[in-house]
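# Architecture and fold: a report
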Amino acid sequence: MIRNQTLPERFAKFMGGLLAPSPSNQLLARNHECFREIDQHKPLEEYEFAVVDTELTGLDVRRDEIVSIGGVRIRNMELDPSDTFSAIVRPHGDLPKTSTLIHRITPQQVRDRPLLEDVLPDFVEWLGTSFMVGHHVGLDMRFLNRACRKALGAALKNPGVDTMRLAQVYEAELWESYYDRYDLNISYHLNDLTTRYGLPAFGRHDALQDALQTAYLFLFLVRKLRQGGIHTLHDLYLAGRSWRWYL
């Protein structure tokens, strides 16, 4: 007989609380151990968030690669610009011209850079026990986890919060009539949301700059959701309980 899970049980599952064998890599073993159990009822100020962005050679997770990783920390629900991660990496394959047109990283820039597998341990250590935040974060996490499985033997367990989905929840709170949900003029691109909400603007298609941009968006949305009634991690989960949490 299959027992229906309670809300706390479903939350624990979504937030990485399932017991699983620890990976052999010490960095990832510590990472997995940290997320075996999560107290979701503490104030948000007591959690750390790592806002992450990647630049890619393309969008196919099976054959495309990461060429840049950027990240910035949020502590006490405030941006900490002194705690960042930034790295350009050399892909195994050629750097397509189409991707260079987007992120402006050239073959010359990556020629003498380390491979992703050489950078990953530093990134995983920097990421630590923070919750990962990103705009369309599932894409970043799929590429990062594929690389971690290949280079380190297991995926990351840091739960991911998607600012694009947060923005969709916030916009839904602003609906004044049934037909507002069909407004096709709202764009959920990071830069369009930045303009819509009057947030500080940073350079586009640079991993660290996009991470900073996303951090401002995340802080804005958390403070606006439910008229400022988001106080705990559990509140954040309930506000967007239809989200997909990326593990």
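Scroll up to find the structure this text is about.
Residues numbered from 1 in each chain as written. Predicted model: local features only at pLDDT ≥ 70, side-chain atom pairs only at ≥ 80, totals over all residues. Heavy atoms only, no water.

What follows is about the overall build of the protein chain. When helices and strands are tallied, the protein chain shows 10 helices and 5 strands. For the protein chain, the proportion of its 247 residues judged to be buried stands at 49%. For the protein chain, restricting intrachain contacts to residue pairs at least 6 apart in sequence, the fraction spanning at least 24 positions comes to 68%. Accessible surface for the protein chain amounts to roughly 13200 Å². Of this, 50% is attributable to carbon and sulfur atoms. (Helix = DSSP H or I, 4+ residues; strand = E, 2+ residues; numbered from the N terminus. Buried < 20%, exposed > 50% of the residue type's maximum accessible area, 1.4 Å probe, protein only. Contact = heavy atoms within 4.5 Å. Areas by Shrake-Rupley, 256 points an atom, 1.4 Å probe, with all protein chains shown as cover.)

What follows covers the packing of aromatic side chains. Following the criterion strictly, the structure yields 11 aromatic pairs and no others. Sitting above the plane of the Tyr47 ring, Lys42 keeps its charged end 5.1 Å from the centroid. A cation over a ring is seen here: Arg73 above Trp126, with NZ or CZ 4.3 Å from the ring centre. (Phe/Tyr/Trp six-rings, centres within 6.5 Å; stacked < 30°, edge-to-face > 60°. Lys NZ or Arg CZ within 6 Å of the ring centre and 35° of its normal.)

What follows is about the pairing of strand β2 (residues 66-75). On any regular strand, side chains alternate: one points to one face of the sheet, the next to the other face. Most of β2 is tucked away, with 9 of its 10 residues classed as buried. Bridge count between strand β1 (residues 49-56) and β2: 8 bridges; the pairing is antiparallel. Its bridge partner being in β2, Ala50 is matched across the sheet by Arg73. Adjacent in sequence and paired antiparallel, β2 and strand β3 (residues 78-88) are bridged by 2 residues, among which Asn76 carries a positive phi angle near 55 degrees. (Pairing = 2+ DSSP bridges.)

Ordered in space as β3-β2-β1-β4-β5, the 5 strands form an open sheet in which the pairing is mixed. Lying at the two open borders of the sheet, with one neighbouring strand each, are β3 and β5 (160-162). Each adjacent strand pair in this sheet contributes to an overall mean axis angle of 25 degrees, direction not counted. Relative to β5, strand β4 (residues 131-134) is paired through 3 bridges, and the arrangement is parallel. Looking at β5, one finds that Val133 is bridged to Val161. Contacting β4 and β5, helix α7 (residues 163-173) runs over the sheet at an angle of about 45 degrees to β5. Strands β1, β2, β3, β4 and β5 of the sheet are contacted by helix α9 (residues 207-224), whose axis makes an angle of about 35 degrees with β2. (Axes fitted to C-alpha atoms, helices over the stretch in contact; angles between N-to-C directions.)

It is worth spelling out the environment of Thr194 at this point. Within the secondary structure, Thr194 sits in helix α8 (residues 190-197). Here Thr194 falls in the buried class, since its relative accessible area comes to 3%. Ignoring anything within four residues of it in the chain, the contact list for Thr194 reads Leu199, Pro200, Ala201 and Gln213. Engagement of the side chain of Thr194 in a polar contact is seen with the side chain of Gln213, the distance being 3.2 Å. (Polar contact = N/O pair within 3.5 Å; in protein donor to acceptor, adjacent residues only side chain to side chain.)

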